[in-house]
Amino acid sequence: MKDLFAAATVEEAKERIALLRPESERLWGKMSAAQMLAHCAATMEMAVGMTFPPRRFIGRLVGPLAKKAVITEGKPFRRNSPSDKSLIIHDERDFETERQRLCALLDRFQAGGPDGCTRHPQSFFGRLTPMEWAMLMYHHLDHHLQQFGV
């Protein structure tokens with residue numbers, strides 16, 4: 001599985017992000033392109049240790065099984081999968097601001113490498129190694145870029 005510690009993977013992701021437009025149509029879900037970029041940036045803020053959402057009860061129950069399926073086996077996220085409430089973007093966002101914020105966070109994560117990755121448990125999956133964070137963050141971003149056809 002690809003990971004966001006690899007410079008080439010980050011560049012590929014940024015090239016795909018560059019293909020998005022404010023009016024890009026989603027293939028599923030409710031978020032606009034700007035909201036999706038903000039959502040992905042919020043998850044990256046967790047990965048670099050800027051935010052620390054608490055563990056979710058349901059994650060404590062099924063997180064280890066889901067972690068194995070999503071991170072270890074690389075199974076795709078289901079469309080319209082539930083998200084942590086702190087990561088749901090309800091308000092309108094400025095598309096270009098969110099694009100730049102996400103790209104800067106991708107660069108920060110990649111440049112920081114394993115030492116720059118949070119040690120705080122992920123809100124659903126729990127404790128992750130830096131490489132698991134790197135794979136999860138790529139997998140999540142890829143899911144949402146596919147949501148908008150890029």
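This write-up is about the structure you can find in this document.

Each value, and the rule that gives it
- Residues numbered from 1 in each chain as written.
- Predicted model: local features only at pLDDT ≥ 70, side-chain atom pairs only at ≥ 80, totals over all residues.
- Heavy atoms only, no water.
- Core = buried A, V, L, I, M, F, W, Y, C linked by side-chain atoms within 4.5 Å.
- Buried < 20%, exposed > 50% of the residue type's maximum accessible area, 1.4 Å probe, protein only.
- Helix = DSSP H or I, 4+ residues; strand = E, 2+ residues; numbered from the N terminus.
- Contact = heavy atoms within 4.5 Å.
- Phe/Tyr/Trp six-rings, centres within 6.5 Å; stacked < 30°, edge-to-face > 60°.
- Salt bridge = Lys/Arg side-chain N within 4 Å of Asp/Glu carboxyl O.

1. Re the nonpolar core
Grouped together as the largest cluster of nonpolar side chains are 42 residues, with contacts concentrated most on L102, L106 and F109. When contributions to this core are tallied by element, the ones reaching two or more residues are α1 (7-19), α2 (33-47), α3 (57-72), α4 (95-112) and α5 (130-147). Of all the elements, α2 adds the most residues to this core, at 10 residues. For L106, the residues in contact, after removing those within four places along its chain, are L4, V10, A13, K14, I17, M44 and L141.

2. Let's talk about the packing of aromatic side chains
Overall, the coordinates contain 2 aromatic pairs when judged by the stated rule. Look at F5 and F109: their rings are 4.9 Å apart centre to centre, the planes differ by 5°, and that puts the pair in the stacked class. Pair noted here: F5 is in the segment before α1 and F109 is in helix α4, with a separation of 104 residues, a long-range link. Centre to centre, the rings of F124 and F125 are 5.1 Å apart; their planes meet at 85°, and the pair counts as edge-to-face. This pair shows no difference in class: F124 is buried, exactly as F125 is.

3. Re the pattern of salt bridges
Taken as a whole, this structure holds 13 salt bridges when the rule is applied. Salt bridges here are not isolated pairs; linked through shared partners, they connect E45, D91, R93, E98 and R101.

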